[in-house]
There are 2 protein chains.
Amino acid sequence: MRPHAAVAFARATPYLFHTMASPELDALTQALARLPGLGPRSARRAVLHLMKRREAALVPLLAALEAVDRRLTECATCGNIDTSDPCGVCADPRRDQRAIAVVEEVSDLWALERSRLFPGRFHVLGGRLSALDGVRPEDLTIDRLVTRVAAGGIDEVVLAMNATLEGQTTAHYIADRLEGLPVRLTQLAHGLPVGGELDWLDDGTLAQALRARRPVS
Amino acid sequence: MRPHAAVAFARATPYLFHTMASPELDALTQALARLPGLGPRSARRAVLHLMKRREAALVPLLAALEAVDRRLTECATCGNIDTSDPCGVCADPRRDQRAIAVVEEVSDLWALERSRLFPGRFHVLGGRLSALDGVRPEDLTIDRLVTRVAAGGIDEVVLAMNATLEGQTTAHYIADRLEGLPVRLTQLAHGLPVGGELDWLDDGTLAQALRARRPVS
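Computed from a predicted structure; not experimentally measured. (Residues numbered from 1 in each chain as written. Chains lettered and ligands numbered in written order. Predicted model: local features only at pLDDT ≥ 70, side-chain atom pairs only at ≥ 80, totals over all residues. Heavy atoms only, no water.)

**With respect to the nonpolar core**
Stage number 1. Core analysis: the biggest nonpolar cluster contains 76 residues, and Leu32(A) and Leu32(B) have the highest contact counts within it.
Stage number 2. Setting aside chain neighbours within four positions, we find Leu32(B) in contact with Leu35(A), Leu61(A), Leu38(B), Ala43(B), Ala46(B), Val47(B) and Leu50(B). (Core = buried A, V, L, I, M, F, W, Y, C linked by side-chain atoms within 4.5 Å. Buried < 20%, exposed > 50% of the residue type's maximum accessible area, 1.4 Å probe, protein only. Contact = heavy atoms within 4.5 Å.)

In structure tokens:
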């Protein structure tokens, strides 16, 4: 005969089963838990939030996802991912047509956009050259970049790769490919980050900062 | 004549506009940012993640949301929100039919479920009595609880309200309503939380712990 509920409760021995969430809720929790910034625990909270605020939270999120899923496309010009082609940046008439910032990923494009410091357009490579991951030039949109620059009307190409070995390798390769074309090639400065303290910085950064030292103006 | 890109760039004066994200992406970012645990910044990262991993992330999330939205319902027995009615807990034959834990919200039901300590079923009130928020007994599922208990077959009702003024007021009210019915009324113990240190605890908790002190067994 199974123990009386109250007894089992009083004993407070962990109850060996609990009723599983329905497969639908489970699938939703897992899908949300895979988003950056959400773990299994916060995903559960999010699911509960969506369930309790169906009209205010679940329905809008569902509609927004459907709209994006329906319209998501890659910009044929710069490789940006957007809901229109050409993407919002390429289509924006206020932007300087004569400068292109070459970035590895769309996330880098967004980072530069948030800084609001670059007035030109972009070119997304879709990754970085990597012997380790077997990423070769033809796997990136480098040919498209060369064609785009060769087409003319561009004064400056900013190589905005990450300050990693692979990023810099990619930058050098692209510099070679663009050599001879009538554009000024520039790259993001390397050196001390804002607030960086010498005795906390890695030798690589220190070496960069020292090598790229400038006269005090 | 507008300044040359490179000049504006070198000046590094914040560029006064940036191209806005498309309305669809904007809506999705805002919908995600409203989830608990996600802010505007992490929502942007999440949107980017969904865009870059369309098949692996966006499509499954969309499908899961649709499934939940289609099947979401409230359990007519206990008030739990689930994708089936009766809900998974009420439908689970392994659970003790003779014990009911009364909770304020579905989230409290889930919290008790995670603890795996309660073998019985639940009853979700849908809130707590509150003069401030104008929540009256008829706004909660108290009548349904009384009917459920009066129907018989239940030995114990655990009042598992929050240890707040409103939660305890609700517990007392329900205790009055259930008076005379042949069930044992219990409530969660109040006292020191695990790891609680006396000199850090609020007076209320200390008072509860002292009032509810037990002989050392």
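**Some details on the pairing of strand β4 (residues 121-124) of chain B**
On any regular strand, side chains alternate: one points to one face of the sheet, the next to the other face.
Residues and elements named next belong to chain B.
Stage number 1. Burial along β4 is two-sided: the face carrying Arg121 and His123 and the face carrying Phe122 and Val124 are both buried.
Stage number 2. Judged from the 4 bridges that link them, strand β3 (residues 99-103) and β4 form a sheet pairing that is parallel. Across the sheet, Ala101 pairs through a bridge with Phe122, a residue of β4.
Stage number 3. In terms of handedness, the path from β3 via helix α6 (residues 106-115) over to β4 forms a crossover that is right-handed. (Helix = DSSP H or I, 4+ residues; strand = E, 2+ residues; numbered from the N terminus. Pairing = 2+ DSSP bridges. Right-handed = clockwise from strand over helix to strand, strands pointing away.)

**Quick word on the pattern of salt bridges**
Stage number 1. Under the counting rule described, the total for this entry stands at 26 salt bridges over all chains.
Stage number 2. Linking Arg136(A) and Glu138(A) is a salt bridge whose minimum nitrogen-to-oxygen distance equals 3.7 Å.
Stage number 3. Judged by relative accessible area, Glu138(A) falls into the exposed class, the value being 54%.
Stage number 4. Of the charged contacts in the structure, one is a salt bridge between Asp143(B) and Arg177(B), with a shortest N-O distance of 2.8 Å. Taken together, the positions of Asp143(B) in helix α7 (residues 142-150) and Arg177(B) in helix α8 (residues 165-178) put the pair 34 residues apart, joining distant regions of the chain. (Salt bridge = Lys/Arg side-chain N within 4 Å of Asp/Glu carboxyl O.)

**Section: the environment of Leu185(A)**
Residues and elements named next belong to chain A.
Stage number 1. Looking at where Leu185 falls in the secondary structure, it is placed in strand β6 (residues 184-187).
Stage number 2. In this structure the C-alpha to C-alpha distance between Leu185 and Thr73, which are 112 residues apart in sequence, comes to 29 Å.
Stage number 3. For Leu185, the residues in contact, after removing those within four places along its chain, are Val157, Leu159, Ala175 and Leu178.

**Details of the interface of chain A and chain B**
Stage number 1. Chain A puts 77 residues into the contact, and the matching count from chain B is 77 residues.
Stage number 2. Summed over both partners, the interface of chain A with chain B buries about 7600 Å², with 66% contributed by carbon and sulfur atoms.
Stage number 3. Seen at the junction of chain A and chain B, the total is 6 salt bridges.
Stage number 4. At the boundary of chain A with chain B, the tally comes to 10 residue pairs in polar contact (both at pLDDT 80 or more).
Stage number 5. Mapped by element, the contributors of at least two residues to the side of chain A that touches chain B are α1 (5-11), α2 (23-33), α3 (40-52), α4 (54-71), β2 (81-82), α5 (88-91), α6 (106-115) and β5 (156-159) of chain A. (Buried area = accessible area lost by both parts, 1.4 Å probe. Polar contact = N/O pair within 3.5 Å; in protein donor to acceptor, adjacent residues only side chain to side chain.)

**Things to note about the domain arrangement of chain A**
Stage number 1. By the assigned domains, chain A splits into domain 1 (3-71) and domain 2 (81-215).
Stage number 2. Of note, the centres of domain 1 of chain A and domain 2 of chain A, computed from C-alpha atoms alone, are 41 Å apart. (Domains from an automatic or database assignment.)

**Let's talk about the sheet that holds β5(A)**
All names here are of chain A.
Stage number 1. Strand order across the open sheet formed by 4 strands is β4-β3-β5-β6, with parallel pairing between neighbours. With one partner strand each, in any of the chains shown, β4 (121-124) and β6 form the two edges of the open sheet. Between one strand axis and the next, the sheet turns by 25° as a mean value, whatever way the strands run.
Stage number 2. Seen against the sheet, α6 touches β3 (99-103) and β4 and runs at an angle of roughly 160° to β4.
Stage number 3. Contacting β3, β4 and β5, helix α7 (residues 142-150) runs over the sheet at an angle of about 150° to β4. (Axes fitted to C-alpha atoms, helices over the stretch in contact; angles between N-to-C directions.)

**Digging into unusual backbone geometry**
Stage number 1. Following Asp85(A), the chain continues to Pro86(A) via a peptide bond in cis, the omega torsion being 5°.
Stage number 2. Mapped onto the secondary structure, Pro86(A) falls in the loop between β2 and α5.

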